[in-house]
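A closer look at the structure
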Amino acid sequence: AVTLAESGDLDRLGIELIGAKLDAIHRAEDRSGFKETMLAAGLDVPRAGVARTLAEAMALGEAIGYPLIVRPSFTLGGGGSGFAGTPAELEALAGRSLEISPVSEILVEESIAGWKEFELEVMRDAADNVVIICSIENVDPLGVHTGDSITVAPAQTLTDREYQQMRDAAIACIRAIGVETGGSNVQFAVEPLSGRQVLIEMNPRVSRSSALASKATGFPIAKIAALLAVGYHLDEITNDITGETPASFEPSIDYTVVKIPRFAFEKFSEADPRLTSTMKSVGETMAIGRTFKEALGKAWRGIEKAGFDQGWAASEPVDADVALDRLAEGREGRLFLVERALRDGFTVEQVADASRIDPWFIDQIAEVVEEAMLLQGRPLHTLTVQELRRAKRLGLSDARIASLSGSTDAEVRRHREALGIEPVFKTVDTCAGEFPALTPYHYSTYEDETEVRPATRPRVLILGAGPNRIGQGIEFDYACVHAAFALEEAGFESVMVNSNPETVSTDYDTASRLYFEPLTAEDVLAVCRAEQPVGVIVQFGGQTPLRLAKTLREEGFAILGTSPEAIDLAEDRGKFAEILAELEIPAPPHGEARTLEEGRVIAERIGFPVVVRPSYVLGGRAMEIVYDADDLERFVRSAAEASPDHPVLIDRFLEGAIEVDVDAVCDHEGDVFIGAVMEHIEEAGVHSGDSSCQIPPATLSDDELDRIEDIARRLARRLGVVGLLNLQLAVKDEKIWVIEANPRASRTVPFVSKVIGVSLARVATLVVAGRSLADLAAGGILPAGSRRYRRLPYPSVKAAVLPFGRFPGADTVLGPEMKSTGEVMGIDADPGMALAKALISSGTG
């Protein structure tokens, strides 16, 4: 926007920037302009100066004094920012930040690391009405980027006087910056001892915190901002959730929301795992509970990492003499270290002093620790109604209670239900219950009365994808959203279960009913019991829902579409290999190993190089190409740890092959619609999520495409797929080999859908709901014939977006384990231009 406005192109074309104009953007995003504007408005900011050269930065370091923080102008996600404690560190950091800033300008300011950090989401209209949508407090002390910090809404540790002071400053800030209409994110730091408040920065736009605030309150910030930009005032816009209150009615919430970021350091083992002012997380989960403790426990479940809901058990034992030193570092599992330190006898004050986390949060965690210690070693049947209910209200998961009592999750669930201890569901209504909510937007809690209303139509549950991660991201949310729309089209009420605040599926108006819940057996079963759906769809949310399919069916809930048995046939590498042999479909020589010795025997039989891969994983987790026996042991062990209940598959690696992806839909009658065959631009060996690919294929002959489509149809029918199927193949020396099949949505579904102009997720949902492909073709939902992708006059290229800039020191060589965090698409009449557009969009062109 700034570039277009400054070039004069917007004026030449008669286009106006609305909401935040050019001067407002400059005042907020330009570090020097922001500081001057805030001081002129009488607002306190950290001591700072602006540098445009390295010499200016070093002079500022001497004048302000160390430690310092450096921030480049006009960047996102803290890119290029960092802390400098010495002149040498400042010289290195400032040089890098000047290069990253698009205007070669950086802010050098006094370090306020260790202070408490807060954010306010502020909305202003053209009549100068201003409302505060939500206050957010970072649990981590300042020094960790807010996108990497555990956060809580509303703010928990401010006095009313401090909050009102912050509220007034935020309103003064949005007026001084000159954001005419729309939402802004205003960030503050508070010195814990003196209470001094300083304004850190302001974003004259929506941010990731805006998404969190929208989902936390039920107030759709971006939607309201768009209406304000075209002339509405806050008091003229009706709140969708209540149907009575206007948008000028400030949201008030009677629950607590906790956000926990999700990291992918396992993908970048060489990168520094310490959390700094440069954002490193790849996603986040959000949980709602009546208290901070309950919401925190639900968020740990929602993060979907093995053992993270186990508290101190998720951290490594630490010697007492180094425990407090470890707490000073921002790391992914710092709160587990907090729990362990409290369990080992350190006081709340000692832990708070070491970690710089506010004592109120430490005390809340101490209550959870005390409860867990009371339960530890107690047989399950000895736990009373009062003890079990208290544990659940404190946020302890069934899995943690099982671990403490020496039982299983299912045993805890059955014992809890036998005692009548089940969650009820409350409603997000934006007004703390003052007005009834029209929108069914629910969260679970252990209280007495549920607010779930009876349905008027049959309900179908859609399981979302949970927090974004490498291998399971926004592509799966796209499929879930289109599934919700298609279920409405088919006459069902769609019920969405998801925990990701960044996604469209968790908008209150996407599905008929929304449950903001973790995607665990404990939480999903509770929703199923409350809703009693006619069926559950697990094929759109990636690997997370697939893992729940068997448990849900065992508990009496129907799985719509591909059956759990068919899922298992495809996901279990050994069973799938047997099917390929039965159908006489070529597959690379392979074997299954449960021990290292078995792995050695298989590798010697089929010959190096081999691909080592676990079953039931996504994003190529723990998959490696191994060229010799020395590396085999390490990679077999890694694969076994990634999927401990299933054997490790070892395949011969086809060097120099062309890799191919197929996305298809199969109906109950065995008819198959081929969405597209995609040809990878990188050769086999680079994970399909990291490889660029093209539609239509560039080098495959019609005969090869015919054979690939035939393989896809035969496999879909043999597996019993109903709905989506993704197939990965390799072509070498005119021979076609099948690598794997995924009976679910794939990350390429949005790409294929947008290229061919047919929503595969919609088609698959209608098929799952009982329609046939022939019926859909007759109704014009499917194009005539199933080879549309071959005849397209415009090549389309998908390219990956890679995050190596966030992880200095990480190996940038691409391999079978996926590392990209997103993707882009280029379209042009010329295939070279389509590729160029994709590479430019990805930031690598």
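A short tour of the structure in this document, coming up. Keep in mind it's a predicted model, so treat the numbers as computed, not measured.

Cut-offs and rules
Residues numbered from 1 in each chain as written. Predicted model: local features only at pLDDT ≥ 70, side-chain atom pairs only at ≥ 80, totals over all residues. Heavy atoms only, no water. Buried < 20%, exposed > 50% of the residue type's maximum accessible area, 1.4 Å probe, protein only. Helix = DSSP H or I, 4+ residues; strand = E, 2+ residues; numbered from the N terminus. Arc of directions from axis to C-beta. Contact = heavy atoms within 4.5 Å. Pairing = 2+ DSSP bridges. Disulfide = S-S within 2.5 Å. Expected span 1.5 Å × (residues − 1). Axes fitted to C-alpha atoms, helices over the stretch in contact; angles between N-to-C directions. Salt bridge = Lys/Arg side-chain N within 4 Å of Asp/Glu carboxyl O. Patch = residues over 30% accessible without salt bridge, like charges linked within 9 Å, V, L, I, M, F, W, Y side chains within 5 Å. Areas by Shrake-Rupley, 256 points an atom, 1.4 Å probe, with all protein chains shown as cover. Lys, Arg positive; Asp, Glu negative; His and termini not counted. Charge placed at Lys NZ, Arg CZ, Asp CG, Glu CD. Polar contact = N/O pair within 3.5 Å; in protein donor to acceptor, adjacent residues only side chain to side chain. Phe/Tyr/Trp six-rings, centres within 6.5 Å; stacked < 30°, edge-to-face > 60°. Right-handed = clockwise from strand over helix to strand, strands pointing away. Core = buried A, V, L, I, M, F, W, Y, C linked by side-chain atoms within 4.5 Å.

1. Let's talk about helix α3 (residues 22-29)
An α-helix turns once every 3.6 residues. As a result, residues three or four positions apart point the same way. Residues of α3 that are buried: Ala 24, Ile 25, Ala 28 and Glu 29. In an axial view of α3, the angular spread of the buried residues amounts to 110°, which keeps them on one side of the axis. Buried residues in α3 make contact with α1 (2-7), α4 (31-40), α7 (160-177) and β9 (197-203).

2. Concerning the pairing of strand β27 (residues 796-801)
Counting buried positions along β27 yields 5 of 6 residues, so the element is predominantly enclosed. Both strand β24 (residues 693-695) and β27 contribute to a ladder of 3 bridges, which runs antiparallel. Considered in β27, the bridge of Cys 693 is made with Lys 798. Note that β27 and strand β28 (residues 822-827) share 6 bridges and pair antiparallel. Within β28, the position partnered with Ser 796 by the bridge is Ile 827.

3. Describing the state of the cysteines
According to the stated counting rule, one finds 0 disulfides in the structure shown. Looking at the unpaired Cys 134, the closest cysteine sulfur is the one in Cys 431, lying at 15 Å. A residue is classified by how much of its surface remains accessible, and Cys 134, at 4% relative accessible area, is buried. Cys 134 provides the cysteine sulfur closest to Cys 173, a residue in no disulfide bond, and the two sulfurs are 17 Å apart.

4. Overview of helix α18 (residues 474-489)
Here α18 is 16 residues long and its end C-alpha atoms lie 23 Å apart, about the 22 Å a rise of 1.5 Å per residue gives. Among the residues of α18, Glu 475, Phe 476, Asp 477, Tyr 478, Ala 479, Cys 480, Val 481, Ala 483, Ala 484, Ala 486 and Leu 487 are the ones counted as buried. Tucked inside the fold, the buried residues of α18 contact β14 (459-463), β15 (493-498), β17 (535-537), α26 (749-756), α27 (760-768) and β28. Gly 491 lies just past α18 and shows a positive phi near 95°.

5. Points about the sheet that holds strand β22 (residues 658-666)
Here we have 7 strands laid out as an open sheet, ordered β26-β25-β22-β23-β24-β27-β28, and antiparallel in their pairing. Strand pairing shows two members of the sheet lacking a second neighbour, β26 (735-742) and β28, which therefore form its edges. Pairs of neighbouring strands in the sheet enclose a mean axial angle of 25°, with direction left out of account.

6. Digging into the pattern of salt bridges
Across all of its chains, the model carries 60 salt bridges by this definition. The partner of Arg 718 in a salt bridge is Glu 582, and the shortest N-O contact between them spans 2.8 Å. Residue Arg 718 is found in helix α25 (residues 702-719), and its partner Glu 582 is found in helix α22 (residues 573-582); the two are separated by 136 residues along the sequence. Residue classification places Arg 718 among the partly exposed positions, given a relative accessible area of 32%. Classification of Glu 582 by relative accessible area gives partly exposed; the value is 48%.

7. Quick notes on a negative patch on the surface
A cluster of acidic side chains, namely Glu 349, Asp 353, Asp 363 and Glu 370, defines a negative patch on the protein surface. One can find Asp 353 in helix α13 (residues 348-355).

8. So, the environment of Thr 506
Its location among the elements puts Thr 506 in the loop between β15 and β16 (513-516). Taking relative accessible area as the criterion, Thr 506 reaches 0% and is therefore assigned buried. C-alpha of Thr 506 to C-alpha of Phe 516: the two residues are 10 residues apart in sequence and 7.2 Å apart in space. What Thr 506 contacts, discounting residues up to four positions off in sequence, is Lys 215, Asn 498, Asn 500, Pro 501, Leu 514 and Phe 516. Among the polar contacts listed, one links the side chain of Thr 506 to the backbone oxygen of Asn 500, at a separation of 2.8 Å. Polar contacts involving the side chain of Thr 506 include one to the main-chain carbonyl oxygen of Thr 503, which spans 3.1 Å.

9. Comments concerning the sheet that holds strand β20 (residues 624-626)
By way of backbone hydrogen bonds, the strands of a sheet pair with one another, either parallel or antiparallel. Read from one edge to the other, the open sheet built from 4 strands follows the order β18-β21-β19-β20, with strand pairing classed as antiparallel. Only two strands of the sheet have a single partner each, and these edge strands are β18 (590-593) and β20. The average undirected angle you get between the axes of adjacent strands in this sheet is 25°. Inspection of the sheet shows strand β19 (residues 610-613) paired to strand β21 (residues 648-652) by 4 bridges, in the antiparallel sense. Looking at the pairing, Val 612 lines up with Ile 650 of β21. Contacting β18, β19 and β21, helix α23 (residues 596-606) crosses the sheet at an angle of about 175° to β18.

10. With respect to the packing of aromatic side chains
Applying the stated rule across the entire model yields 14 aromatic pairs. Each ring, one from Tyr 255 and one from Tyr 443, has its centre 5.3 Å from the other, and the planes form 55°; the classification is tilted. Placement of the pair is Tyr 255 in the loop between α9 (221-229) and β10 (256-262) and Tyr 443 in strand β13 (residues 441-445), with a sequence separation of 188 residues. Exposure class is identical for Tyr 255 and Tyr 443. Each is buried.

11. Topic: a nonpolar patch on the surface
Together, Ile 18, Val 230 and Tyr 232 line one region of the surface with nonpolar side chains, adding up to about 300 Å² of accessible area. Within the fold, Ile 18 resides in the loop between α2 (9-13) and α3.

12. With respect to the side chain of Asn 138
Inspection of the secondary structure assignment puts Asn 138 in strand β6 (residues 130-138). You can call Asn 138 buried: its relative accessible area is 3%. A distance of 3.4 Å separates polar atoms of two side chains, one belonging to Asn 138 and the other to Thr 146. Not counting residues within four places of it along the chain, the set of residues in contact with Asn 138 comprises Glu 117, Glu 119, Thr 146, Ser 149, Ile 150 and Thr 151.

13. Overview of the pairing of β14
With 5 of 5 residues buried, β14 lies mostly within the body of the structure. Residue alternation in β14 divides its side chains into two sets, Arg 459, Leu 461 and Leu 463 and Val 460 and Ile 462, and both sets are buried. One ladder, built from 5 bridges, connects β14 with β15; its direction is parallel. Considered in β15, the bridge of Leu 461 is made with Val 495. Handedness of the β14-α18-β15 crossover: right-handed. Both β14 and β17 contribute to a ladder of 3 bridges, which runs parallel. Looking at β17, one finds that Val 460 is bridged to Gly 535.

14. Description of the side chain of Asn 468
Note on placement: Asn 468 falls in the loop between β14 and α18. Within the local environment of Asn 468, its side chain forms a polar contact with the side chain of Asn 500, the two groups lying 3.0 Å apart. Those residues in contact with Asn 468, other than ones at most four positions away along the chain, are Arg 262, Val 282, Gly 283, Glu 284, Gly 473, Ile 474, Asn 500, Glu 502 and Thr 503.

15. Let's talk about the environment of Tyr 446
Within the element layout of this structure, Tyr 446 appears in the loop between β13 and β14. The spacing of Tyr 446 and Ala 5 is 441 residues in sequence and 53 Å in space, taken between C-alpha atoms. In contact with Tyr 446, not counting residues within four places along its chain, are Glu 294, Lys 392, Arg 393, Arg 416, Ile 421, Glu 422, Pro 423 and Glu 522. Engagement of the side chain of Tyr 446 in a polar contact is seen with the side chain of Arg 416, the distance being 3.2 Å.

16. Observations regarding the environment of Thr 146
Mapping Thr 146 onto the fold places it in the loop between β6 and β7 (151-153). Judged by its relative accessible area of 9%, Thr 146 falls in the buried class. For the pair Thr 146 and Leu 68, spaced 78 residues apart in sequence, the C-alpha separation works out to 18 Å.

17. Focus: the nonpolar core
Met 123, Phe 540 and Leu 715 are the most contacted members of the largest nonpolar core, which has 103 residues in total. Sort the elements by how many residues they give to this core and α18 lands first, with 8 residues. Aside from chain neighbours lying at most four places away, what touches Phe 540 is Phe 476, Ala 479, Cys 480, Ala 483, Leu 724, Ala 745, Ala 761, Ala 764 and Thr 765. Counting residues in each nonpolar core, the second largest holds 49 residues, with Leu 296, Phe 308, Ala 366 and Ala 391 among its members.

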